[in-house]
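So the chains spell out like this:
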Amino acid sequence: MLLPKFEFYEPSNLQETCQVLAGLKEDARLLAGGTDLIVNMKKRLLSPANVVSLAKIPELKKMETSGDSLTFGACLTAAEIARSEAISKNWSALAAAAGSLGTPLIRNLATVGGNLVSARPAADFPLPLLAYGAKVRLKKSSGDRWVLLEDFLLGPGQTLLGPDEILTEISVDSPPPVSGAGYMKLGIRKTLEISIVNVASFLSLEDRHQTIRAARVVLGAVASTPIRALSAEKALIGEKPSDALFMKAGEAAARDCRPIDDFRASADYRRAMVEVLTRRTLAMAREEAGSRS
Amino acid sequence: MKEGPMKKLISLIVNDRVYELAVDPNVTLVDLLRDQLGLTGTKKGCEVGDCGSCTVIMDGKPVNSCLVLAVQAHGKSILTIEGLETHEGLHPIQEAFVEKGAIQCGFCTPGMILSAKSLLDRKADPDEAEIRSAVSGNLCRCTGYQKIIEAVQAAAERMQKTQRE
């Protein structure tokens, strides 16, 4: 399987990358881990005349905790994120999603930024990041902007990213003291699986009364982008966590989603599994919050 | 005639040997290894990152060499299956694969062994779940997984014993 021909660029910093991109106009593709781009090029779904590698840009590999947030570079690999102690401790659902992407071999190449930019409805990274309220930084030569990940993802393969822009960083706030999250992915097998349904939940509790102060339930593979189950979130806020409440939230989430029938699963099955995964990820979130209180 | 994209000069280490080469940008690492360096121990199966038969260890990490461009291997150190054997003979993982009957057709074996090596480099005494997870990106179509797991366990024991001696 041969790759189409292309010119290869390997800039060593972001400014240079922006200039290269601006100069090449639209017939260029950014290469991060290559686990999507190279495959799509081999299948001739894409054949850009120019490929710009991000591999030699140290800024895209940074991870910084500053006060109340964590900012990390878009070119960190899934394996690096899954093994990061800081992420496993404070953003466990993100580490879990990173560790369930692809295979161990893929995880050594695939990057978090690439996973976001590819914008597949069943992708692993967007879910916990949406549950944690992540922002992404988009940079081009004329400046940069931070946008909510929720606003960034528009549809299958569709994002806010302009042709001359690079997703450079992702930022998540530090979780409040009594909070927790959970991520689950349902597939037919454990590895190299595209989710039938995936769900991430986040709960933040009041210190004293243990009522739910904030809740986010994010559903994957049941709409054209990952979506928030807003009525499930509404059902949770202000209540005390309990199995009965999580059951109710699961039912609400099943009503919130808009799955389709395809060769992986029927819409009915997906809806039923949204209910189960919502319940279970909420229980995971409650358990983590409990361990932190 | 229209000229194609320029070749790029790269320098990389493969199995402790330095190579300096001119490569086309659209050549993948697996093709460089097999076609230009003659290292055909690295296999080509699916060519899209699904099967793991092209596994090599790049700067200490196992990766699908069908998804890495040869130009991206510039400055990197690559270990292929050919780099495991020493003048003392086969690597203990290779020996264990032979002894335990973990090889049937052999096509997945180089990738399996490199994934296993990368696990054992990181963790000398992995449990069964860790072994299964470590080789989960390597498909065996002869359904020989059980013996592969047993071979990795045997190799781990042997390597720990050698280290103690």
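As the structure is a prediction and not an experimental result, all values here were calculated from the model.

Q: When you look at the overall build of chain B in this model, what are you seeing that I'm missing?
A: The number of helices and strands found in chain B is five helices and five strands. For chain B, the N- to C-terminal ordering of α and β elements is β-β-α-β-β-β-α-α-α-α. At 17 Å, chain B has a C-alpha radius of gyration in line with the 15 Å of a compact globule built from 165 residues. Expressed along its principal axes, the backbone C-alpha trace of chain B runs to roughly 60 × 35 × 25 Å. A burial count over chain B gives 51% of its 165 residues as buried. By sequence separation, contacts in chain B at least 24 residues apart represent 55% of the contacts at least 6 residues apart.

Q: Sorry if this is basic, but what is going on with a nonpolar patch on the surface here?
A: Residue and element names in this part refer to chain B. The grouping of Leu90, Val98 and Ile103 at the surface amounts to a nonpolar patch, some 230 Å² of accessible area in total. Tracing the sequence through the fold places Ile103 in the loop between helix 2 (92-99) and helix 3 (109-122). Since its relative accessible area comes to 34%, Ile103 is described here as partly exposed.

Q: What is the right way to read the packing of aromatic side chains from this model?
A: Each aromatic ring pair is specified by the distance between its two centres and by the angle formed by the two planes. Residues and elements named next belong to chain A. Tallied over the full model, the rule gives one aromatic pair over all chains. Ring geometry for Tyr132 against Phe202: centres 6.0 Å apart, planes inclined by 70°, an arrangement best described as edge-to-face. Here Tyr132 is found in the loop between helix 8 (126-131) and strand 6 (135-140), whereas its partner Phe202 is found in strand 12 (residues 197-205), with 70 residues between them in sequence. The same class applies to Tyr132 and to Phe202, which are both buried.

Q: Would you mind going over the sheet that holds strand 14 (residues 227-228) of chain A with me for this structure?
A: Hydrogen bonds between backbone groups are what pair the strands of a sheet, and the pairing can be parallel or antiparallel. Residues and elements named next belong to chain A. Taken together, the four strands give an open sheet; going across it, the order is 11-12-13-14, and neighbouring strands pair in antiparallel fashion. The open sheet terminates on both sides in strands that have one partner only, identified here as strand 11 (179-186) and strand 14. Two strands pair when backbone bridges link them, and strand 13 (residues 212-220) and strand 14 are joined in this way by two bridges, in the antiparallel orientation. Paired with Leu219 across the two strands is Ile227, which belongs to strand 14.

Q: What's the story with the interface of chain A and chain B in this structure? I'm lost.
A: Many structure descriptions define interface size as the accessible area lost when the parts assemble. On the side of chain B, 32 residues touch chain A, which itself brings 28 residues to the contact. Surface buried jointly by chain A and chain B totals about 2500 Å² across both partners, of which 60% is contributed by carbon and sulfur atoms. Of all residues in chain A, the largest losses of buried area upon contact with chain B belong to Phe8(A), Leu105(A) and Leu109(A), amounting jointly to 23% of the total for that side. Between the two partners, chain A and chain B, sit one salt bridge. Of the charged contacts in the structure, one is a salt bridge between Lys61(B) and Glu80(A), with a shortest N-O distance of 3.7 Å. Our enumeration of links across chain A and chain B arrives at seven residue pairs in polar contact (both at pLDDT 80 or more). Secondary structure elements with two or more residues in the side of chain A that touches chain B: strand 1 (7-9), helix 2 (37-42), helix 3 (78-83) and helix 6 (104-107) of chain A. Looking at side-chain class alone, the side of chain A that touches chain B contains 14 nonpolar, seven polar and seven charged residues.

Q: Which parts of the structure should I look at to understand the side chain of Thr191(A)?
A: Topologically, Thr191(A) is positioned in the loop between strand 11 and strand 12. If we ignore the near neighbours within four places in the chain, the residues touching Thr191(A) are Gly102(A), Thr103(A) and Ser136(B).

Q: Even after reading the chapter, I still don't get unusual backbone geometry, so can you show me in this structure?
A: Residues and elements named next belong to chain B. Here the phi dihedral of Asn15 falls at roughly 50°; this positive angle occurs in a residue that is not glycine. Residue Asp59 is not a glycine yet carries a positive backbone phi of 45°. Here Asp59 lies in the loop between strand 3 (55-58) and strand 4 (61-64). Residue class for Asp59 comes out partly exposed when judged on its relative accessible area of 45%.

Q: I keep staring at the nonpolar core and nothing clicks. Help me out?
A: Within soluble globular proteins, side chains that are nonpolar tend to cluster in buried spots. Residues Phe72(A), Phe125(A), Leu129(A), Ile170(A), Leu12(B) and Leu29(B) are the most contacted members of the largest nonpolar core, which totals 76 residues. Tallying contributions element by element places helix 5 (residues 92-100) of chain A first for this core, with five residues. Each residue touching Ile170(A), except ones within four places of it in the same chain, is listed here: Leu70(A), Thr71(A), Phe72(A), Ala74(A), Val112(A), Leu116(A), Leu129(A), Ala134(A), Lys135(A), Val136(A) and Trp146(A). If you look at the next biggest cluster of nonpolar residues, it comprises 31 residues, including Leu203(A), Val222(A), Ala249(A) and Leu282(A).

Q: Looking at this structure, how should I read the pattern of salt bridges?
A: Opposite charge on two side chains makes pairing possible when the charged atoms of those side chains draw close. Inspection of every chain in the model, using the stated rule, returns 22 salt bridges over all chains. Between Glu169(A) and Arg137(A) there is a salt bridge whose closest N-O contact spans 2.9 Å. Within this pair, whereas Glu169(A) is found in strand 10 (residues 166-173), its partner Arg137(A) is found in strand 6, the two being separated by 32 residues in sequence. Of the charged contacts, one joins Arg132(B) and Glu128(B) as a salt bridge, the two residues approaching to 2.7 Å between their closest N and O atoms. Here Arg132(B) and its partner Glu128(B) are both found in helix 4 (residues 128-134), four residues apart, which amounts to about one turn of the helix. Residue classification places Arg132(B) among the partly exposed positions, given a relative accessible area of 34%. In this structure, a network of salt bridges that share partners links the residues Lys61(A), Glu80(A) and Lys61(B).

Q: What is the right way to look at the side chain of Thr278(A) in this model?
A: Here Thr278(A) shows up in helix 12 (residues 267-292). Overall, the relative accessible area of 0% leaves Thr278(A) in the buried class.

The rules we used
Every chain's residues receive numbers from 1 upward, in the order its sequence appears when written. Written order decides the labels, with chains lettered from A and ligands numbered from 1. In keeping with the model being predicted, local features are shown solely for residues with a pLDDT of at least 70 and side-chain atom pairs are shown and tallied solely at 80 or more, while totals for entire chains, interfaces and linings include all residues. The side-chain numbers reported here are obtained from all heavy atoms of the structure, hydrogens and water having been left aside. The secondary structure listing takes helices from DSSP runs of H or I that are at least 4 residues long and strands from runs of E that are at least 2 residues long, numbered from the N terminus. Only the C-alpha atoms count toward the radius of gyration. The rule for a globule is 2.2 Å times the residue count to the power 0.38. Accessible area is worked out with a 1.4 Å probe on protein chains only. A residue is then buried under 20% of its type maximum, exposed over 50%, and partly exposed in between. A contact between two residues is defined here by any heavy atoms of the two lying within 4.5 Å. Residues form patches when they are more than 30% accessible in relative terms and have no salt bridge. Like charges link within 9 Å. Nonpolar side chains (Val, Leu, Ile, Met, Phe, Trp, Tyr) link within 5 Å. Residue-level accessible areas treat just the shown protein chains as cover; the underlying method is Shrake-Rupley with a 1.4 Å probe. Between Lys or Arg on one side and Asp or Glu on the other, a salt bridge is scored when a side-chain nitrogen of the former is within 4 Å of a carboxyl oxygen of the latter. The rule is short: rings of Phe, Tyr and Trp, with Trp giving its six-membered ring, pair when the centres are within 6.5 Å, and they are stacked under 30 degrees, edge-to-face over 60, tilted in between. For two strands to pair, DSSP has to find at least two bridges joining them. As used here, buried area is the combined drop in accessible area, with a 1.4 Å probe, of two parts when they are placed together. Think of a polar contact as two N or O atoms within 3.5 Å of one another; within protein, one of them needs to be a possible hydrogen donor and the other a possible acceptor, and neighboring residues in sequence only count if both atoms come from side chains. Polar here means any residue other than Ala, Val, Leu, Ile, Met, Phe, Trp, Tyr, Cys and Pro, which are nonpolar, and Asp, Glu, Lys and Arg, which are charged; Gly is therefore polar. Put simply, a nonpolar core is a bunch of buried Ala, Val, Leu, Ile, Met, Phe, Trp, Tyr and Cys residues held in one set by side-chain atoms that sit within 4.5 Å of each other.

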